[in-house]
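# Breakdown of the fold
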Number of protein chains: 2
Amino acid sequence: MDQVEIFKALSNKTRLQILNWLKEPAENFPEQLNPDFENIGVCVGQIQMKAGLSQSTISEYLSILQRANLVTATRVGQWTYYKRSEEGIKMLNQIIGTAL
Amino acid sequence: MDQVEIFKALSNKTRLQILNWLKEPAENFPEQLNPDFENIGVCVGQIQMKAGLSQSTISEYLSILQRANLVTATRVGQWTYYKRSEEGIKMLNQIIGTAL
DNA sequence: AAGATATATCGACTTTTCCCGATATACCAA
DNA sequence: TTGGTATATCGGGAAAAGTCGATATATCTT
């Protein structure tokens, strides 16, 4: 995994917000329909509405976060649910502790 | 301090390398003349030579790192010595632990 | 004061990132 | 199979970052 790619993924206000929102899905996405979203994550449409950017932009941002291993995606029917990857974020801490 | 600016500063291979080199100045900059460089840092010219990019580029990169509080600068005569700001890097760990 | 050296800043060009709207794809429901 | 909905991908225009050479500034030496 390229460290630069991780930091690039974090170099954007909206992407940092998304990562933050996903820490507390229940509070930040009260309109989410799927009752299991604490485990599975939040769908793209909810994140898009909250972020206030276009659907295509948010979809791309989420895949940038995914490529950096900061979130994981689960497809269920027509929805894709995204949640934080705590392992990936832990690895980032290690990078900063050692490589940096 | 803007988190995005910190991550942007880290989103570049050369700037990450510089930060790394400055962890071990004695090993990475054996040609440094100033014998006190462990405390004061390494001068721009040494960093430029090692990085292999132009003088202007490295000068700008160092000021980007400085604006992000990742290094500090000390002017001594005609030289500017840069060293890691361990406090700034510690703060980055906090950001990742809390804000992220 | 004049020349030499180290660093910073400026102007320009190229590449990348930020976003969007439009379109494609995948899935669901009737 | 025909719509309808959710997400992904594509193409593009504007803004930012990467990088350079040239020039400016600061300092030192003589």
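Now for a description of the structure that goes with this document.

## Quick word on the interface of chain B and chain A
Taken together, the contacts link 19 residues of chain B with 19 residues of chain A. Roughly 1700 Å² of surface becomes buried between chain B and chain A when both sides are summed, with 64% attributable to carbon and sulfur atoms. At the junction of chain B and chain A, the tally comes to zero salt bridges. Where chain B meets chain A, there are nine residue pairs in polar contact (both at pLDDT 80 or more). When residues of the side of chain B that touches chain A are traced back to their parent elements, those giving at least two are α1 (3-9), α2 (13-21) and α7 (86-97) of chain B.

## Re the pattern of salt bridges
Scanning the entire structure with this criterion turns up three salt bridges over all chains. With a shortest N-O distance of 2.8 Å, E86 of chain A and R84 of chain A are connected by a salt bridge.

## A few points about helix α7 (residues 86-98) of chain A
The terminal C-alpha atoms of α7 of chain A lie 18 Å apart, and with 13 residues this matches the ideal 18 Å at 1.5 Å per residue to within 8%. Those residues of α7 of chain A that sit buried are G88, I89, L92, I95 and I96 of chain A. Down the axis of α7 of chain A, the sector holding all buried residues measures 105 degrees, keeping them to one side. Every exposed residue of α7 of chain A that faces more than 90 degrees away from the buried side is listed here: E87, K90, Q94, G97 and T98 of chain A. Where α7 of chain A is buried, its residues contact α1 (3-9) and β3 (79-84) of chain A together with α7 of chain B.

## Some thoughts on the packing of helix α5 (residues 44-51) of chain A against helix α6 (residues 55-67) of chain A
Residue and element names in this part refer to chain A. Where α5 contacts α6, the two axes come as close as 9 Å, and the packing angle between them is 115 degrees. In terms of orientation, α5 and α6 fall into the roughly perpendicular class. You can see that α5 and α6 cross each other, and the crossing is right-handed. Each of V44, I47, Q48 and A51 in α5 lies in contact with α6, whose residues at this interface are Q55, I58 and L62. Considering only residue class, the contact of α5 with α6 consists of five nonpolar, two polar and no charged.

## A closer look at the protein's contact with DNA strand D
Lining the immediate environment of DNA strand D, one finds 21 residues, of which G45, S56 and Q78 of chain A together with E60 and Y61 of chain B sit closest. In DNA strand D, atoms within 4 Å of the protein come from the sugar-phosphate backbone in 60% of cases. Between a sugar or linking oxygen of DNA strand D and a side-chain N or O atom of T80 of chain A, the distance comes to 3.1 Å. Contact between DNA strand D and Y82 of chain A: a phosphate oxygen at 3.1 Å from a side-chain N or O atom of the residue. Taken together, the elements giving at least two residues each to the surface near DNA strand D come down to α5, α6 and β3 of chain A together with α6 (55-67) of chain B. Ranked by residues supplied to the surface near DNA strand D, first place goes to α6 of chain B with four residues. When its residues are assigned to classes, the surface near DNA strand D shows six nonpolar, 12 polar and three charged.

Definitions and limits used
Sequence order sets the numbering: in each chain, residues are counted from 1 along the sequence as written. The order in which chains are written sets their letters, starting at A; the order in which ligands are written sets their numbers, starting at 1. pLDDT decides what is reported in this predicted model: residues at 70 or higher carry local features, side-chain atom pairs at 80 or more are listed and counted, and totals for whole chains, interfaces and linings draw on all residues regardless. Side-chain measures here rest on the full set of heavy atoms in the structure, leaving out hydrogens and waters. Two residues form a contact once any of their heavy atoms are found within 4.5 Å. Accessible surface is computed with a 1.4 Å probe, and the buried area is the amount of it that two parts give up when combined, taken over both parts together. The rule for a salt bridge is simple: a side-chain nitrogen of Lys or Arg has to be within 4 Å of a carboxyl oxygen of Asp or Glu. Counting of polar contacts relies on pairs of N or O atoms within 3.5 Å, with two restrictions inside protein: one atom must be capable of donating a hydrogen and the other of accepting it, and residues adjacent in sequence are counted only when both atoms are side-chain atoms. Helix and strand definitions here come from DSSP, where helices need a minimum of 4 consecutive H or I residues and strands a minimum of 2 consecutive E residues; each element is numbered from the N-terminal end. A helix's residues, less one, multiplied by 1.5 Å, set its expected span. Relative accessibility decides the category of a residue: with a 1.4 Å probe and only protein chains considered, values under 20% of the type maximum give buried, values over 50% give exposed, and everything between is partly exposed. Each direction from the helix axis to a C-beta atom contributes to the arc, which is the arc of those directions. Between N-to-C directions, angles cover 0 to 180 degrees, with each direction set by a line fitted to C-alpha atoms, over the stretch in contact for helices. Note on angle classes: values under 35 degrees are labelled roughly parallel, values over 145 roughly antiparallel, values of 65 to 115 roughly perpendicular, and the remainder oblique. Each crossing is labelled by how the near helix is turned from the far one, with a counterclockwise turn of less than a right angle marking it left-handed and a clockwise turn marking it right-handed. Residue classes follow a fixed rule: Ala, Val, Leu, Ile, Met, Phe, Trp, Tyr, Cys and Pro count as nonpolar, while Asp, Glu, Lys and Arg count as charged, and any other residue, Gly among them, counts as polar. If even one non-hydrogen atom of a residue comes within 4 Å of a molecule or strand, that residue is called near it.

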